[in-house]
Amino acid sequence: MNLTPSGLSRRIFLASTAAVALARPSFAATIKPDAKSALIVVDVQNCFVDGGTLPVKGGAQIVPIINKLAGSFENVVVTQDWHTPGHASFASTHAGKKPFETTQMPYGTQVLWPDHCVQGSDDAALLKDLKLPTAQLIIRKGFHKDVDSYSAFEEADRKTSTGLAAYLKARGIDTVFVTGLATDFCVAWTALDARKLGFNVYVIEDATRAIDLNGSLAAAWKQMADAGVKRIQSGDIA
Ligand SMILES: [Zn+2]
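These notes cover the structure that comes with them. These numbers come from a predicted model, not from an experiment. (Residues numbered from 1 in each chain as written. Predicted model: local features only at pLDDT ≥ 70, side-chain atom pairs only at ≥ 80, totals over all residues. Heavy atoms only, no water.)

Comments concerning the state of the cysteines
Enumeration over the complete set of coordinates arrives at one disulfide. The disulfide partner of Cys-47 is Cys-117, and the S-S distance across this bridge is 1.9 Å. What sets the handedness of the Cys-47 and Cys-117 disulfide is the S-S torsion sign, and at about 80° it is right-handed. Taken as a pair, Cys-47 in the loop between strand 3 (37-42) and helix 3 (62-70) and Cys-117 in the loop between strand 6 (108-111) and strand 7 (135-141) lie far apart in primary sequence, 70 residues in all. Left without a disulfide partner, Cys-186 is nearest to the cysteine sulfur of Cys-117, which lies 8.7 Å away. Residue Cys-186 is classed as buried on the basis of its relative accessible area, which comes to 6%. (Disulfide = S-S within 2.5 Å. Helix = DSSP H or I, 4+ residues; strand = E, 2+ residues; numbered from the N terminus. Buried < 20%, exposed > 50% of the residue type's maximum accessible area, 1.4 Å probe, protein only.)

A closer look at the coordination of the zinc ion
Surrounding the zinc ion are the protein donor atoms Asp-81 (OD), His-83 (NE2) and His-116 (NE2), which sit 2.0 to 2.1 Å from the metal. Sequence positions of the donors to the zinc ion reduce to the motif D-x1-H-x32-H. Within this pair, whereas His-83 is found in the loop between strand 4 (76-81) and strand 5 (102-105), its partner His-116 is found in the loop between strand 6 and strand 7, the two being separated by 33 residues in sequence. (Donors = N, O, S within 2.8 Å, 3.2 Å for Na, K, Ca; no water.)

Description of the pattern of salt bridges
All chains considered together, the criterion is met by 10 salt bridges. The shortest N-O distance in the salt bridge between Lys-196 and Glu-154 comes to 3.3 Å. Residue Lys-196 is located in helix 5 (residues 183-196), and its partner Glu-154 is located in the loop between strand 7 and helix 4 (164-170); the two are separated by 42 residues in the primary sequence. In this structure Lys-196 comes out as exposed when scored by relative accessible area, which is 55%. For Glu-154, a relative accessible area of 16% translates into the label buried. In this structure, the salt-bridge partner of Arg-158 is Asp-193, at a minimum N-O distance of 2.6 Å. (Salt bridge = Lys/Arg side-chain N within 4 Å of Asp/Glu carboxyl O.)

What about the nonpolar core?
Counting residues in each nonpolar core, the largest one holds 61 residues, and the members touching the most others are Leu-39, Val-41, Phe-153, Leu-168, Phe-177 and Met-224. For this core, the secondary structure elements donating two or more residues are strand 3, helix 3, strand 4, helix 4, strand 8 (175-181), helix 5, strand 9 (200-209) and helix 6 (216-226). Sorting elements by how many residues they give to this core places helix 5 first, with seven residues. Once you skip the residues sitting within four places of it in the chain, Leu-39 turns out to touch Ile-66, Leu-69, Ala-70, Phe-73, Asn-75, Val-76, Val-77, Phe-177, Thr-179 and Ile-204. (Core = buried A, V, L, I, M, F, W, Y, C linked by side-chain atoms within 4.5 Å. Contact = heavy atoms within 4.5 Å.)

In structure tokens form, the structure reads like this:
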């Protein structure tokens, strides 16, 4: 990682050197991803944008931001929510339940969603405008019928690994930058697991969009901050 100076000190610097800034039209971005860095693009699928089965407000707006970011990364990993029909995370699977209610699963509380991202459907396809020439791995998750998986690293039973951590570590990658949908679910869980597994973790906020169910967005940012996840903007990446 090449990180100079931090975003905070940069802002203070900006405020205190306004006159100098006039002579310098733009400041260089501060973070330069290297061969040990990977961009993780979480669930940028038709199901999670307008016209899909579980649309996240403004979801498609992150595509050009992610495409531009990808130019700075040698390593890009993509995830894809990939459910069986009748998946345990679907409200329709549970008699009397409506989408966005919760139920108790053997592994804990599960939010119930509209049917979404069913394997092989157009709804589950990656957005066609996503242009990621260095993408090298697609992790599919949520394909065990009785277990959901928000995280790219570990399924919701908190036992079943997707293998992503071992893949990244085998390739010498120690830092991940997480983008995609949705900030407060799959992005946050991916970022938190990455911290737990020993990676340096950044979430690129403007390259995500949130569902924000009952305060879930603020709660997710707090949990991520407490875990040492760094919150940055795409403009911070060189
Ligand atoms: Zn899902």
